[in-house]
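A look at the structure
These are the residues of each chain, in order.
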Amino acid sequence: MRVLGIETSCDETAAAVLTETGDRARPWAIASNVVASQSAIHREWGGVVPELASRQHVRDICGVVEKALSDAGVGLDELGAVAVTQGPGLVGSLLVGVSFAKALAWSRALPVIPVHHLAGHIESLTLAHGELPLPAAILVVSGGHTSLYLVPTPGAYRLIGRTRDDAAGEAYDKVARLLGLGYPGGPALDALSSRGDDRAIGFPSIRLTRADRNAPSDTSGGLLPPEVARRVDFSFSGLKTAVLRYVKDAQAHGDALPEQLVADIAASFQRVVVEALLDRTFEGARWLNARSIGIAGGVSANSRLRAEAVLRGRQCGLPVFVPPLSLSTDNAAMIAAAGLRRYRAGATTDWAFNAEASLAL
Ligand code: KG4
Ligand code: ZN
């Protein structure tokens, strides 16, 4: 079967066609994967402007879907289902994709499968590498989320740890803006870091605040001992504030920061973020007896995160999987994959579903 995936949760209008292979170990093949980025529009404002994003999705969606079909060399008659991101995300943006997917599916009498955006990121790993050795510990690290999941069986996602405040990608974007690196900040900060000294500035390692440590909530739902459950939660606002203070102090002595200092700040910030992400992921994996580790979402494109994850995996004998760059940031191939997973698990069409800005997984 062929599935059309549609993704419009933030500032990328994306459509893709996936084909089932019949091979259980490597169930899906990408026939096309089209992404129209709006970053040039939002760059001017220093971040995503929701109203501009939804309007641009309306302009782009038809062309993007047509291109996905023509790149795949298939017509609408050859599709077996439509999968679409239901949430979480910007509600106006999500609505464009959901309305389009429903209308297309209805007009062709096709099933339509709503997909959770983070399930899409998780399935980008199977899409790229085939089924992972399970149970797997999967870190989803994006502009809106930093969450650690346990995948005990294909298609089951159990939340183990999450950020108590900012997402890692959000911290990247905010620090990049502070350093004048433009939008989106993550890739720019990543590139600049390679020219900086990552030990130049001793930003504090990431710890939860006392209030957070004492918070009763155990994200892992009892899967981890309470002490460990708290340790695998994330927090990035303290680090962000430390960078802000450092920059303000440095600027007090003159206007523009020297180029080398900006690179040093970037590299030092990146070292602390990557360490925090990997410490928690590997600790969670160890406690859960995971047989593999996956890292997905926009921040998984980060060069240091990718390199260090693989290195640590080698050191402790755990295979580590990251998606290729084309599947790290938002795309519709991963949404089609998660949709196919759900469809084959028996999901049926409920035409009443709607876009949900804070959909839970
Ligand atoms: O998954 P994604 O495309 O969209 C969301 O679901 O949020 O992730 C976007 C996030 C942005 O915060 C962006 O700055 C970050 O991923 N990002 C990176 C890199 N490439 C993208 N962060 C650090 N290093 C990168 N190379
Ligand atoms: Zn995403």
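Just so it is clear, the model here is predicted, and its values are computed rather than measured.

**What about helix 9 (residues 237-251)?**
Taking 1.5 Å per residue as the helical rise, helix 9 with its 15 residues ought to reach 21 Å, and the 21 Å between its terminal C-alpha atoms agrees with that figure. Within helix 9, burial applies to Leu239, Ala242, Val243, Val247 and Ala250. Within helix 9, the buried residues cover an arc of 130° as seen down the axis, which keeps them to one side. In helix 9, the exposed positions angled more than 90 degrees off the buried face are occupied by Arg245, Lys248 and Asp249. Buried positions along helix 9 lie against helix 5 (168-178) and helix 10 (259-287).

**With respect to the site of ligand 1**
Around ligand 1, the surrounding shell holds 17 residues, and the nearest of these are Gly143, Asp173, Asp190, Gly298 and Asn302. Between His117 and ligand 1, the recorded distance is 3.1 Å, taken from a side-chain N or O atom to an oxygen atom. Burial of ligand 1 by the surrounding chains reaches 89%, relative to a free accessible area of 550 Å². When atoms are counted within 2 Å of each cavity's grid points, the one that captures over half of ligand 1 is the largest pocket. Of all the elements in the fold, those that place two or more residues in the shell around ligand 1 are helix 4 (117-129), helix 5 and helix 6 (185-193). Classifying every residue of the shell around ligand 1 gives four nonpolar, ten polar and three charged. No fewer than three residues from each of domain 1 (2-121 + 329-344) and domain 2 (134-318) sit in the shell around ligand 1.

**Quick notes on the layout of surface pockets**
A probe matching the size of a water molecule, rolled over the atoms, marks out where space remains unfilled. The volume enclosed by the largest pocket comes to roughly 1,000 Å³. Forming the boundary of the largest pocket are 37 residues, of which Ser142, Gly143, Gly144, Asp173 and Tyr183 lie nearest the centre. Among the secondary structure elements, those contributing two or more residues to the lining of the largest pocket are helix 4, helix 5 and helix 6. Of all the elements, helix 5 adds the most residues to the lining of the largest pocket, at six residues.

**Some points on empty space enclosed by the protein**
Considering all chains together, one arrives at one cavity of 30 Å³ or more under this definition. By volume, the largest cavity is sized at about 90 Å³. Every residue lining the largest cavity is counted, 14 residues in all, and those nearest its centre are Thr126, Leu132, Leu134, Val151 and Arg341. Those elements giving two or more residues to the lining of the largest cavity turn out to be helix 4 and strand 6 (136-141). The leading source of residues in the lining of the largest cavity is helix 4, at four residues.

**Things to note about the sheet that holds strand 4 (residues 81-87)**
Read across the open sheet, the five strands follow the order 3-2-1-4-5; overall the sheet is mixed. A strand with exactly one partner marks an edge of an open sheet, and here the two such strands are strand 3 (28-37) and strand 5 (112-116). Neighbour-to-neighbour, the strand axes of the sheet open up by a mean angle of 20°, direction not taken into account. Set on the sheet, helix 2 (residues 50-72) makes contact with strand 1 (2-7), strand 2 (12-20) and strand 3; between it and strand 2 the angle comes to about 25°. The strands touched by helix 3 (residues 91-107) are strand 1, strand 4 and strand 5; relative to strand 4, the strand with the most contacts, the crossing angle is about 155°.

**Some words on the environment of Phe203**
Within the secondary structure, Phe203 sits in the loop between helix 6 and helix 7 (210-214). Put simply, Phe203 and Val115 are 88 residues apart on the chain and 38 Å apart in space, counted from C-alpha to C-alpha. The contact partners of Phe203, leaving out residues within four places of it in the chain, are Leu239, Ala242, Val243, Tyr246, Ile265, Ser268, Phe269 and Val272.

**Some thoughts on the domain arrangement of the chain**
The domain architecture assigned to the chain consists of domain 1 (2-121 + 329-344) and domain 2 (134-318). Domain 1 and domain 2 are separated by 27 Å when their C-alpha centres are compared. Listed per partner, the contact involves 13 residues of domain 1 and twelve residues of domain 2. Together, the buried faces of domain 1 and domain 2 total about 1,100 Å²; carbon and sulfur atoms form 66% of this surface.

**Quick look at the sheet that holds strand 9 (residues 292-296)**
Ordered in space as 8-7-6-9-10, the five strands form an open sheet in which the pairing is mixed. Each edge of the sheet is formed by a strand with only one pairing partner; in this case those strands are strand 8 (158-162) and strand 10 (320-321). Judged from the five bridges that link them, strand 6 and strand 9 form a sheet pairing that is parallel. The residue of strand 9 that forms the bridge with Ala136 is Ser292.

**Observations concerning the coordination of the zinc ion (ligand 2)**
Donor atoms from the polypeptide that bind the zinc ion (ligand 2) are His117 (NE2), His121 (NE2) and Asp330 (OD), placed at 2.0 to 2.1 Å. Summarised as a motif, the one-chain spacing of the donors to the zinc ion (ligand 2) is H-x3-H-x208-D. One end of the pair, His117, is in helix 4; the other, Asp330, is in the loop between helix 12 (325-328) and helix 13 (333-344), and 213 residues separate them in sequence. Accessibility classification places His117 together with Asp330 in one group, the buried group.

**Quick notes on the pairing of strand 7 (residues 146-151)**
Most of strand 7 is tucked away: six of the six residues are buried. Residue alternation in strand 7 divides its side chains into two sets, Thr146, Leu148 and Leu150 and Ser147, Tyr149 and Val151, and both sets are buried. One ladder, built from six bridges, connects strand 6 with strand 7; its direction is antiparallel. Note on strand 7: the bridge partner recorded for Val141 is Thr146.

What counts and what doesn't
Residues numbered from 1 in each chain as written. Chains lettered and ligands numbered in written order. Predicted model: local features only at pLDDT ≥ 70, side-chain atom pairs only at ≥ 80, totals over all residues. Heavy atoms only, no water. Helix = DSSP H or I, 4+ residues; strand = E, 2+ residues; numbered from the N terminus. Expected span 1.5 Å × (residues − 1). Buried < 20%, exposed > 50% of the residue type's maximum accessible area, 1.4 Å probe, protein only. Arc of directions from axis to C-beta. Contact = heavy atoms within 4.5 Å. Near = heavy atom within 4 Å. Polar contact = N/O pair within 3.5 Å; in protein donor to acceptor, adjacent residues only side chain to side chain. Areas by Shrake-Rupley, 256 points an atom, 1.4 Å probe, with all protein chains shown as cover. 1 Å grid on protein atoms, 1.4 Å probe; cavity = no way out; pocket = protein on both sides within 12 Å on 5 of 7 lines; lining within 4 Å. Sits in = over half its atoms within 2 Å of the grid points. Nonpolar A, V, L, I, M, F, W, Y, C, P; charged D, E, K, R; others polar. Domains from an automatic or database assignment. Points joined across faces, edges and corners; volume = space filled by probe spheres on them. Pairing = 2+ DSSP bridges. Axes fitted to C-alpha atoms, helices over the stretch in contact; angles between N-to-C directions. Buried area = accessible area lost by both parts, 1.4 Å probe. Donors = N, O, S within 2.8 Å, 3.2 Å for Na, K, Ca; no water.

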